[in-house]
Amino acid sequence: MRDRPSILHLDLDAFFAAVEQRDKPSLRGKPVVVGGLGPRGVVSTASYEARVFGVHSAMPMAQARVRCPHAAFLGTRFAVYQTVSRTVMAVLRELSPLVEPLSLDEAFVDLADRPGVNVETVQSVAADLRAKINERTAVTASVGAASTKLMAKIASEQAKPDGIVVVPPGDELAVLHPLPIRSLPGVGPATAARLARLGVSTVGDLAALPLPEAVATLGEAHGQSLHRLSQARDDRPVAPERESKSVSIEDTFDDDIANPALLQAMTQHLAERVTQRLTRSGHSGRTITLKARLHDFTAVSRSATLPGPTDDVRTISRLATQLLGEIDVTGGVRLLGVGVSALSEWTQDDLFTADDGDEEPADVAPHDTASVSEPDVRRWVPGMDVVHAVEGAGWVWGSGLGRVTVRFETAETGPGPVRTFAADDPDLTHARA
Ligand code: TTP
Ligand code: MG
């Protein structure tokens, strides 16, 4: 472990929502929820103003609408988030060549080669960094600095929103041990539940557990690594070249499962989670893989490759379920996983793909839904950028019943006026990124 807090972890605050508030001045300081607007859509993120009402990432959009009905509900604009992300990563690389991006809005930076980095100076390095990011992108970032990746990430979490936390070397255990066990990377609900049965609820509880007990409960590899982390022992280097070539999610069951309906439901759930992870990292993928470990520990996997990349949860879920049908599960399954590979950077405008199925388009006003037989209406998704021949640049506020309402404002203009048009008004077009 280093004796200086020379690892930074940076994470943008309410990333997608912050970009929306930047570009839509009338929404600044207001609850904003970004995500899938279709009937089965989930929340990608919520502004801090909406989080007060209990809205959070991965929640069904329908539930978010109940919890915070007065929020603005917007589709995603991935191309814009990607541009902001590139700018942020470039700012980080000006600080050090050792930058490891983890997702669109999150990265580690290693300052080990920078002379004079210590508890005091790293504070001003982080402050300058935050100021520069805000200047170039107009969104805010939180930064943690510590002697290890684990502690830097935990520090940035504590710094949220819009702050800096430095963990001085020597203070790691005092910071780490009171935290809930879920704060460790790799501890999801299943692991947490297993540890709870041993009376382990904080990181300190796990550190106090004899290693053989941790290994007996969590398995050799997982048990060893979590036990090490719980003692703040983390020598993972910042790895700049890390490229995600695939994403996958798997679940191990306490008992073998042979019930086909249950396995199908679990496959769908895994597909939903892997799609979340995929979209979060700004990717789409062509190859879907279903992996299973059978009752006798044989591992089987089946893959299918699409003609083009997708990030559509229904497509991924349908393929994963088909692949499940190709495996003989009659003896029971103890592990199931769904993965997506052959990844591409997200290039489609997801506003156009969010509702490309046979479902009704979503609207700001729920009573205002349009008939699916009106092909034009589908094009206007709340949040998307449009241009009107006379009024100029704006964004779709809502649509339905053959009409579309647009607010004419941009990041530069300040809050602007609202106008309603016929959905097929030839003067109104999509703005291309
Ligand atoms: P996070 O950094 O986890 O969340 P955040 O930036 O919105 O909020 P904060 O960091 O201040 O707590 O994720 C970054 C972006 O990734 C987020 O804005 C939207 C997207 N995302 C999803 O699409 N699905 C998810 O389940 C999560 C957690 C994030
Ligand atoms: Mg973030």
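Scroll up for the structure.
Reading guide: rules and limits
- Sequence order as written defines the numbering, with residues in each chain counted from 1.
- Chain labels run from A onward and ligand labels from 1 onward, assigned in the order the entries are written.
- At least 70 in pLDDT is required for a residue's local features to be given in this predicted model, at least 80 for side-chain atom pairs to be given and counted, and no such filter applies to totals for whole chains, interfaces and linings, which use all residues.
- For side-chain calculations, the full set of non-hydrogen atoms in the structure is used, while hydrogens and water are omitted.
- What counts as a salt bridge is simple: a side-chain nitrogen of Lys or Arg found within 4 Å of a carboxyl oxygen of Asp or Glu.
- Helix and strand definitions follow DSSP, with helices as H or I runs of at least four residues and strands as E runs of at least two, each counted in order from the N terminus.
- When a residue's accessible area, from a 1.4 Å probe over protein chains only, is under 20% of the maximum for its type it is buried; when over 50% it is exposed; and in between it is partly exposed.
- Two strands qualify as a pair provided that DSSP identifies no fewer than 2 bridges between them.
- Helix axes are fitted to C-alpha atoms over the stretch in contact, other axes to C-alpha atoms as well, and angles between N-to-C directions run from 0 to 180 degrees.
- Any two residues whose heavy atoms approach within 4.5 Å are treated as being in contact.
- Buried residues of nine kinds, namely Ala, Val, Leu, Ile, Met, Phe, Trp, Tyr and Cys, make up a nonpolar core once their side-chain atoms join them within 4.5 Å.

J.: Would you mind showing me how to read the pattern of salt bridges here?
T.: Once the charged atoms of two side chains with opposite charge are near each other, the side chains can pair. The tally for this structure, following the rule as stated, stands at 22 salt bridges. With a shortest N-O distance of 2.8 Å, Arg-130 and Asp-162 are connected by a salt bridge. Of the two residues, Arg-130 is situated in helix H5 (residues 119-137) and Asp-162 in the loop between helix H6 (149-159) and strand S8 (164-166); the sequence distance between them amounts to 32 residues. For Arg-130, a relative accessible area of 18% corresponds to the buried category.

J.: How do you make sense of unusual backbone geometry when you look at a structure like this?
T.: With glycine set apart, most residues show a phi of negative sign, and most peptide bonds adopt trans. For the peptide bond that leads from Lys-160 to Pro-161, omega is -15 degrees, which places it in the cis range. Structurally, Pro-161 can be placed in the loop between H6 and S8. Phi at Ala-232 is positive, roughly 65 degrees, even though this residue is not glycine. By the element assignment, Ala-232 lies in the loop between helix H11 (220-230) and strand S9 (246-257).

J.: What is the right way to read the sheet that holds strand S5 (residues 99-103) from this model?
T.: Sheets are built from strands paired through backbone hydrogen bonds, the pairs being either parallel or antiparallel. Sheet architecture is open: 5 strands sit in the order S5-S6-S1-S7-S8, paired in mixed fashion. Lying at the two open borders of the sheet, with one neighbouring strand each, are S5 and S8. In this sheet, neighbouring strand axes are inclined to one another by 15 degrees on average, regardless of whether the strands run parallel or antiparallel. Relative to strand S6 (residues 106-110), S5 runs antiparallel, the two sharing 4 bridges. Bridging across to S6, Ser-103 finds its partner in Glu-106. Of the strands in this sheet, strand S1 (7-12), strand S7 (141-146) and S8 are in contact with H5, which crosses S8 at around 160 degrees.

J.: Whenever I open this one, the nonpolar core confuses me. Can you help?
T.: Taken as a class, soluble globular proteins show a tendency for nonpolar side chains to be buried jointly. Ranked by size, the top nonpolar core spans 40 residues in total, and within it Leu-8, Leu-10, Leu-92, Leu-129 and Ile-133 carry the most contacts. Every element with two or more residues in this core is listed here: S1, helix H1 (15-23), strand S2 (32-35), strand S4 (72-74), helix H4 (78-95), S6, H5 and S7. No other element matches the 9 residues that H4 contributes to this core. Every residue in contact with Leu-8, bar those within four places of it in the chain, is listed here: Leu-95, Ala-107, Phe-108, Val-109, Leu-111, Val-122, Leu-129, Val-143, Gly-144, Ala-145 and Ala-152.

J.: Please explain the sheet that holds strand S12 (residues 333-345) as it appears in this structure.
T.: Pairing within the open sheet is antiparallel, and its 4 strands lie in the order S9-S12-S10-S11. Every other strand in the sheet has two partners, leaving S9 and strand S11 (299-310) as the edge strands with one partner each. Strand-to-strand twist across the sheet, computed as the mean angle between neighbouring axes with direction ignored, equals 10 degrees. One ladder, built from 8 bridges, connects S9 with S12; its direction is antiparallel. The residue of S12 that forms the bridge with Val-247 is Val-340.

Fair warning: the whole summary comes from geometry, so function is off the table for now.
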